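For reference, the chains in residue letters:
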Amino acid sequence: TARRLSNKREHVAKRRASPPQPSRVSKAARVPAVAPVVDFVTLAAEEREEQHRPCMCSAPCRLQPLIESGCIAAGSLALSVCIKGALTSADVSETGAIRLPSSSGGGELLELQTPCALLRVARRRAGVVVDKGPSARTTVFYKGVSLNALAQPGQVRRDRRSRAAT
């Protein structure tokens with residue numbers, strides 16, 4: 001066992017003395033990330049189009065039913081979405097409309113009808129593919145709670161109970 005231990009020590013010493021080996025995962029050259037060039041005129045036009053685009057979710061994701069049930073209330077900066085570190089916040093009106101400033105500036109407000117429209121706007125602003133990725137119910141948050149959790153309050157209670165039991 002003493003010989004085995006000395007061989008192990010020699011091996012470790014050799015590895016420490018040799019230069020670090022490149023990663024075996026990818027031999028491709030590392031390319032530094034480059035920030036995408038943003039055309040604000042096009043971006044603002046696409047955001048305005050979202051005001052009229054219908055919801056394509058399997059179950060409609062309007063906020064009005066959540067307001068009527070008392071799960072959410074109208075408020076300033078009540079909704080938020082974070083895509084690749086870019087935070088997009090929006091207000092909720094009494095009618096369930098979502099209001100946020102346009103990326104073009106100048107005080108123009110966008111009035112969106114659904115959380116999925118807010119998610120598409122946030123994805124565009126972050127430079128991500130618009131119609132791919134998680135649903136609006138799991139990505140859009142009302143005061144820090146996902147819309148999915150608010151739409152299924154029984155599920156949230158069960159989760160809390162199971163955490164308390166463990």
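Residues numbered from 1 in each chain as written. Predicted model: local features only at pLDDT ≥ 70, side-chain atom pairs only at ≥ 80, totals over all residues. Heavy atoms only, no water.

Draft legend 1. Looking closely at the nonpolar core. In terms of nonpolar packing, the biggest core is built from 27 residues, with Leu63, Leu79, Leu118, Val140 and Leu147 touching the most fellow members. Mapped onto this core, the elements with two or more residues apiece are α3 (64–69), β1 (75–83), β2 (86–92), β3 (98–101), β4 (109–112), α4 (115–126) and α6 (147–151). In terms of residue count, the dominant contributor to this core is α4 (seven residues). When neighbours within four sequence positions are excluded, Leu118 is seen to be in contact with Leu79, Val81, Thr88, Ala90, Ile98, Leu100, Leu112 and Val140. (Core = buried A, V, L, I, M, F, W, Y, C linked by side-chain atoms within 4.5 Å. Buried < 20%, exposed > 50% of the residue type's maximum accessible area, 1.4 Å probe, protein only. Helix = DSSP H or I, 4+ residues; strand = E, 2+ residues; numbered from the N terminus. Contact = heavy atoms within 4.5 Å.)

Draft legend 2. A look at unusual backbone geometry. Of note, Leu77 is a non-glycine position whose phi angle comes to about 50°, a positive value. Here Leu77 shows up in strand β1.

Draft legend 3. Summary view of the sheet that holds strand β5 (residues 141–142). Spatially, β4-β3-β2-β1-β5-β6 is the arrangement adopted by the six strands of the open sheet, whose pairing is antiparallel. The sheet terminates laterally at β4 and β6 (145–146), the two strands that pair on one side only. Sheet topology note: the β1/β5 ladder contains two bridges and is antiparallel. Residue Ser80 lies in a different strand from β5, and its bridge partner there is Phe141. Packing of α4 onto the sheet brings it into contact with β1, β2, β3 and β4, and relative to β1 it is tilted by some 55°. (Pairing = 2+ DSSP bridges. Axes fitted to C-alpha atoms, helices over the stretch in contact; angles between N-to-C directions.)

Draft legend 4. Here's a closer look at the environment of Leu79. For Leu79, the position within the fold is in strand β1. Remark: the alpha-carbon pair of Leu79 and Leu147, spanning 68 residues in sequence, is separated by 9.4 Å.

Draft legend 5. Representation of the confidence of the model for the protein chain. Looking at the protein chain, the pLDDT average stands at 78 and 74% of residues meet or exceed 70. Residue range residues 155–163 is modelled with pLDDT below 50. Its contacts to residues more than four positions away, or to other chains, number one contact. (pLDDT = per-residue confidence, 0-100.)

Draft legend 6. Broad picture of the pairing of β2. Bridging between β1 and β2 involves six bridges; their strand directions are antiparallel. By the bridge assignment for β2, Ser80 is matched with Ser89. Between the end of β1 and the start of β2, which pair antiparallel, lie two residues, with Lys84 showing a positive phi angle near 50°. Direction of pairing for β2 relative to β3: antiparallel, over a ladder of two bridges. In the sheet register, Asp91 faces β3, and the bridge partner there is Arg99. In sequence, β2 turns back onto β3 through a hairpin of five residues, with Gly96 there showing a positive phi of about 95°.

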